[in-house]
Amino acid sequence: MTKQRISTPKAPAALGPYSQGVASGNLLFVSGQTPIDPATGALVAGDIEAATRQVIKNIQAILQAAGADLEHVLKTTVFLTDMGNFKCMNAVYAEYFTGTPPARSTIQVSALPMSAEVEIEAIARLPEKA
């Protein structure tokens, strides 16, 4: 099975030797996204809500580059540096993942790149090509 790199300038450039996303067959694997503004390369200012919104916008951009959207997401993993932020992150997350939300795991970690407070990775099913 082949794999295809998915890349878009509408999401932050990779901070290391990885792809923003990789498609294989009908699956898309979106690398963990932090709240980096792709226009500036810096973390967005604000609270965990603003950070979570930027993370999801970054995921949406990668999904769109592959021809998918949030409705195609099957599974996410959320990484938080403070589980005390769970309720606020979850409220923003629920604004974007409506209907049948994806399966999800949430894990507290000691640190994230660039001192981000949240990172989310996703696995999506790509839509059938007409």
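Refer to the preceding data block for the structure.
A. Main features of the nonpolar core. Counting 28 residues, the largest nonpolar core has Leu28, Ile59, Leu63, Leu70, Val118 and Ile120 as its most contacted members. Those elements giving two or more residues to this core turn out to be β3 (27-33), α1 (48-65), β4 (73-80), α2 (86-96) and β6 (118-125). Among the elements that take part in this core, α1 stands out by supplying 8 residues, more than any other. Not counting residues within four places of it along the chain, the set of residues in contact with Leu28 comprises Ile6, Gly21, Val22, Ala23, Ile62, Leu63, Ala66, Ala122, Ile123, Ala124 and Leu126.

B. Inspection of the sheet that holds strand β5 (residues 103-108) at higher detail. Across the sheet, which stays open at both edges, the 6 strands sit in the order β1-β2-β3-β6-β4-β5 with mixed pairing between neighbours. Sheet topology places β1 (4-6) and β5 at the edges, where each strand pairs with a single neighbour. Going from strand to strand, the sheet's axes swing by 15 degrees on average, the running direction of each strand aside. When β4 meets β5, the two strands line up parallel, connected through 6 bridges. Looking at the pairing, Val78 lines up with Thr106 of β5.

C. Looking closely at the environment of Ala103. With respect to the helices, strands and loops of the structure, Ala103 is situated in strand β5. Residue classification places Ala103 among the partly exposed positions, given a relative accessible area of 45%. Sequence separation between Ala103 and Glu71 is 32 residues; the distance between their C-alpha atoms is 12 Å. For Ala103, the residues in contact, after removing those within four places along its chain, are Leu74, Lys75 and Thr76.

Rules used throughout
- Residues numbered from 1 in each chain as written.
- Predicted model: local features only at pLDDT ≥ 70, side-chain atom pairs only at ≥ 80, totals over all residues.
- Heavy atoms only, no water.
- Core = buried A, V, L, I, M, F, W, Y, C linked by side-chain atoms within 4.5 Å.
- Buried < 20%, exposed > 50% of the residue type's maximum accessible area, 1.4 Å probe, protein only.
- Helix = DSSP H or I, 4+ residues; strand = E, 2+ residues; numbered from the N terminus.
- Contact = heavy atoms within 4.5 Å.
- Pairing = 2+ DSSP bridges.
- Axes fitted to C-alpha atoms, helices over the stretch in contact; angles between N-to-C directions.

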